[in-house]
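# Survey of secondary and tertiary structure
Below are the chains, spelled out letter by letter.
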Amino acid sequence: MTTYITTPIYYVNAMPHLGHAYTTIVADTYSRFCKLRGDDVRFQTGTDEHGEKIVQAAEAQGESPRQYVDRISGTFSTTWPVLSVEPDNFIRTTDPEHMQTVQDILQRVYDQGDIYFSEYSGHYCKGCERFLTEKELVDGKCPDHQTTPEEITEQNYFFRMSKYQDWLIDHIKNNPEYITPERYRNEVLSFLSEPLEDLCISRPTSRLTWGIPLPFDEKFVTYVWFDALINYLTGIGYPDGENFAKYWAAAEHVIAKDILKPHAIYWPTMIQAMGVAPYKRLHVHGYWNVDETKMSKSIGNVIRPQDLVDAYGVDTVRYFLLREMSFGLDSSFSGEAIVARRNSDLANDLGNLFSRSLTMIGKYAKGIVPAVDEAELTEEDQELIVAVEAMIALYSRSMAAFEFHKGLQAVWEVIGRLNRYIVTNAPWELASDPAKSGRLNTVLYFLAESLRILTLVLRPVMPDAADKMAEALGMDQDAGAAVLARDGKWGGMRPGTKVNKGPQLFPRLDKKKKGQPRAQQKKTQKHKTTDVDLEGLITFDQFGKVELRVAEVVAAEKITKSDKLLKLTLKAPEERTVVAGIAKFYSPGELVGMKVIIVANLKPAKLMGVTSQGMVLAAKEKDSDGNERLVLSTVSADIAAGSRVA
Ligand code: MSP
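The structure presented is a predicted model; accordingly, all values stated were derived computationally and were not measured.

What follows covers the pairing of strand β19 (residues 575–580). The buried count for β19 comes to 5 of 6 residues, which makes it a mostly enclosed element. Bridging between strand β18 (residues 566–571) and β19 involves 6 bridges; their strand directions are antiparallel. Residue pairing in the sheet places Lys-567 in a bridge with Val-579 of β19. Counting the residues between successive antiparallel strands, the hairpin from β18 to β19 contains 3 residues.

The next subject is the site of the ligand. Around the ligand there are 23 residues in total, and Ile-9, Thr-23, Asp-48, Asp-258 and Trp-288 lie nearest to it. In this structure, an oxygen atom belonging to the ligand sits 3.0 Å away from a main-chain N or O atom of Ala-256. Note that an oxygen atom of the ligand is positioned 2.8 Å from one of the side-chain N or O atoms of Asp-258. Taken together, the elements giving at least two residues each to the shell around the ligand come down to β1 (2–11), α1 (18–36), α7 (224–228) and α8 (231–234). When residues of the shell around the ligand are assigned to their parent elements, the largest contribution, 4 residues, is made by β1. Counted by class, the shell around the ligand contains 13 nonpolar, 8 polar and 2 charged residues.

Here the structure, examined in full by the defined rule, presents 36 salt bridges. A network of salt bridges, in which partner residues are shared, links Asp-28, Arg-32, Glu-86 and Arg-318.

Remark: the empty space left among the atoms is shown by a probe the size of a water molecule rolled over them. Under the counting rule described, the total for this entry stands at 2 cavities of 30 Å³ or more. Taken as a whole, the largest cavity holds about 50 Å³ of empty space. Along its surface, the largest cavity is lined by His-50, Gly-51, Glu-52, Tyr-124, Glu-129, Arg-203, Leu-208, Trp-210, Gly-211, Thr-222, Tyr-223 and Val-224. Residues that form the lining of the largest cavity fall into these classes: 5 nonpolar, 4 polar and 3 charged.

Turning next to the side chain of Thr-29. Residue position: Thr-29 is located in helix α1. In this structure Thr-29 comes out as buried when scored by relative accessible area, which is 0%. Here Arg-318 takes part through its side chain, which lies 3.3 Å from a polar atom of the side chain of Thr-29. Leave out the neighbours within four places in its chain, and Thr-29 touches Arg-318, Leu-322, Met-399, Phe-404, Pro-460 and Val-461.

Checked against the element boundaries, Ser-332 lands in strand β16 (residues 331–333). With 235 residues separating them in the primary sequence, Ser-332 and Lys-567 have C-alpha atoms 41 Å apart. Look past the residues within four positions of Ser-332 in its chain and what remains in contact with it is Trp-288, Asn-289, Val-290, Asp-291 and Glu-292. Here the side chain of Ser-332 touches Asp-291 through a polar contact of 3.4 Å, landing on its backbone nitrogen. Within polar-contact distance, the side chain of Ser-332 engages the backbone nitrogen of Glu-292 at 2.7 Å.

What follows is about the packing of aromatic side chains. Aromatic ring pairs are defined here through the distance separating the ring centres and the angle between the ring planes. Per the counting criterion, the structure on display carries 31 aromatic pairs. Look at Trp-248 and Trp-267: their rings are 6.3 Å apart centre to centre, the planes differ by 85 degrees, and that puts the pair in the edge-to-face class. Remark: Trp-267 occurs in helix α10 (residues 260–274) and Trp-248 occurs in the loop between α9 (242–247) and β12 (251–256); sequence separation between them is 19 residues. For the pair formed by Trp-248 and Trp-267, the shared burial category is buried.

Moving on, we get to the domain arrangement of the chain. Domain assignment breaks the chain into domain 1 (2–285), domain 2 (332–487) and domain 3 (534–632). Of note, the centres of domain 1 and domain 2, computed from C-alpha atoms alone, are 42 Å apart. If you look at the interface, domain 1 gives 16 residues, while domain 2 gives 16 residues. Roughly 1,300 Å² is buried in total at the junction of domain 1 and domain 2, and carbon and sulfur atoms are behind 74% of that figure. When the buried area of domain 1 at its contact with domain 2 is split by residue, Thr-29, Phe-33 and Leu-36 rank highest and sum to 45% of it. Summed over the shared surface of domain 1 and domain 2, the result is 0 salt bridges. Our count for the contact surface shared by domain 1 and domain 2 stands at 4 residue pairs in polar contact (both at pLDDT 80 or more). Sorting elements by how many residues they give to the side of domain 1 that touches domain 2 places α1 first, with 8 residues. Taken together, the residues of the side of domain 1 that touches domain 2 break down into 7 nonpolar, 4 polar and 5 charged.

On to the packing of helix α12 (residues 314–324) against helix α15 (residues 404–425). Relative orientation of the contacting elements α12 and α15 amounts to 110 degrees, with a least axis distance of 7 Å. Comparing the axis directions of α12 and α15 gives the class roughly perpendicular. When α12 is examined against α15, the residues Tyr-319, Leu-322 and Arg-323 are found in contact with a partner set consisting of Phe-404, His-405, Leu-408, Gln-409 and Trp-412. Considering only residue class, the contact of α12 with α15 consists of 5 nonpolar, 2 polar and 1 charged.

Moving on, we get to the confidence of the model for the chain. Here the chain averages 92 in pLDDT, while 95% of its residues score no lower than 70. In the predicted structure, residues 518–536 sits below a pLDDT of 50 and forms 35 contacts with residues beyond four places in sequence or in another chain.

Relative to strand β11 (residues 217–222), strand β9 (residues 202–204) is paired through 3 bridges, and the arrangement is antiparallel. Within β11, the position partnered with Ser-202 by the bridge is Thr-222. Of the pairings in the sheet, the one linking strand β10 (residues 213–214) to β11 comprises 2 bridges and is antiparallel in character. What sits directly across from Leu-214, in β11, is Asp-217. Between β10 and β11, which pair antiparallel in sequence order, lie 2 residues.

Turning our attention to helix α3 (residues 65–82). In a regular helix each residue adds 1.5 Å, so 18 residues correspond to 26 Å; α3 covers 26 Å between its end C-alpha atoms and thus fits that length. Those residues of α3 that fall on the buried side of the exposure criterion are Tyr-68, Val-69, Ile-72, Ser-73, Thr-75, Phe-76, Thr-79 and Trp-80. The arc that holds the buried residues of α3, viewed along the axis, is 145 degrees, so those residues lie on one side. Across from the buried face of α3, at angles greater than 90 degrees, the exposed residues are Thr-78 and Pro-81. Buried-residue contacts for α3 involve β1, α1, β2 (40–48), α2 (52–60), β3 (89–92) and α11 (305–312). Immediately downstream of α3, the backbone of Ser-84 shows phi near 55 degrees, a positive value.

Conventions we followed
Residues numbered from 1 in each chain as written. Predicted model: local features only at pLDDT ≥ 70, side-chain atom pairs only at ≥ 80, totals over all residues. Heavy atoms only, no water. Buried < 20%, exposed > 50% of the residue type's maximum accessible area, 1.4 Å probe, protein only. Helix = DSSP H or I, 4+ residues; strand = E, 2+ residues; numbered from the N terminus. Pairing = 2+ DSSP bridges. Near = heavy atom within 4 Å. Polar contact = N/O pair within 3.5 Å; in protein donor to acceptor, adjacent residues only side chain to side chain. Nonpolar A, V, L, I, M, F, W, Y, C, P; charged D, E, K, R; others polar. Salt bridge = Lys/Arg side-chain N within 4 Å of Asp/Glu carboxyl O. 1 Å grid on protein atoms, 1.4 Å probe; cavity = no way out; pocket = protein on both sides within 12 Å on 5 of 7 lines; lining within 4 Å. Points joined across faces, edges and corners; volume = space filled by probe spheres on them. Contact = heavy atoms within 4.5 Å. Phe/Tyr/Trp six-rings, centres within 6.5 Å; stacked < 30°, edge-to-face > 60°. Domains from an automatic or database assignment. Buried area = accessible area lost by both parts, 1.4 Å probe. Axes fitted to C-alpha atoms, helices over the stretch in contact; angles between N-to-C directions. Parallel < 35°, antiparallel > 145°, perpendicular 65-115°, else oblique. pLDDT = per-residue confidence, 0-100. Expected span 1.5 Å × (residues − 1). Arc of directions from axis to C-beta.

Pasting the structure below:
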């Protein structure tokens, strides 16, 4: 399979920031994931360098447009390696090949009658670099830029976009994956339910010269979008290049919601007019805010990628951005949130698992991965293999669907399971009894093999950490050559492999770490009341994810084989089964009719063969002899079953 993944080409009127970094990290991660899946991948990013905004920015800096675009484009191309982003191509709209091809396309579309000359009056937004329709204005202003558009009447060239409207509606309807997530597909279809206007594609040279001249009228240059969107084709050598033939059908664009219309409406109709096949998919994500506030220069809260990497390290930054944002929805960045994820997910869960496992292999097996003793395999081992296989399947599905947070959640479930596996198997106890060496070796092998697979699936997200993990695990494979279908199979770790403890992957970060990005330090102080301490405390957001409900006990019975567990049938308000470890403190009879409090959105778990759909809350105390007592949490007055506890 081939994959061609692109980011927007960024305007050079601003320096790279968190928003650009996110989109580009997403594309890089997807590119690496597709390689891991075995695809032949091409990944392209670049800069958009023509237009009024750029000329103004250059003037403000006292530079010529040429000097200015070279300098800022340079900061984009040097920022990507800092984030371990490795594009195969970096395109600039001032590249002569690009400019030439744009002119060729314009000429062809003009010759076939799809570009015409006309007078137009409209509301032009400089920020968007396009005319806004009456309907798009909110109180006469551009909703994105909060500025009043300029009323412009001028003669210009127009692309007959309206001609392709019906085709586009059909194409989107017939290809549910063409625009995802679904909310953006719906947004586009709703916009298309009204007649489309034709697209203004030129600027008179009397107003703007920093653009590509129209080949059929030198008094005009192209208007940004007709120039910029074509980068996706020129970057792969359209029309005759080998890469065009190879990659175009596999084109997937990643953008944020701000440029949905140009990508979901202008671009498909343009390529249709050119007689080129539609791109394969458009992936649209939401916006990063900073401490719940829109990121903007005037507020002074713009986050720079270099500052993030300096403060937290590249792997933490990449992991955080992908794990924290549900692709498609907006997210809020804060120093607290990134430190919290670093300390819990990376230092505690992954880092500890890694260092404990390798330390034990060092201590109990001289640093050599032992072989499994088949006679010592347990049900728990089998379940672990099944869980790892299920994780790979879910991870692959999620990554392919741009649901990175889900893919990572799946990986972290296995990490949690492995940490529990260490506790239940207590290798340190096995090591103290020579008769248990077969079991010890089996447990150590299972840990080493699980780490090998984790290294594989984490590589697209955290390539640098994965390199260190691979090195410590003695994985001699060429990192870029691993293929999930082959190398993700259980059993790939060769017994006899020499491992070493490796570096500490993710040291815990101090909550008030020095050198955190300045902008975010400033905001932290302002938001003191809503932000929380990191030392074991959670955010409102995190707490909001726990759904507590009042539940009425409809029935209760003992679970045979267990002296601790009761099976409760609860109304909350729908009926559900919950297993509770309260048999020693309550008889089934006294529970019926009681209103207890449950965690209602817990993943179902099997206990003694019964699936429990939630957890009952109880207070716990120990008397002076160490005996435990549980008292169920309940409500102080009658209230309907199913009421939310907040
Ligand atoms: N030059 C055009 C795109 C032309 S593509 C043919 C442009 N450039 S831009 O510099 O404004 O970049 C916009 C893109 O930057 C967004 O679509 C998104 O990918 C990224 N982001 C900019 N700010 C962002 C956030 N605050 N949050 C998330 N991504 C954002 O539009």
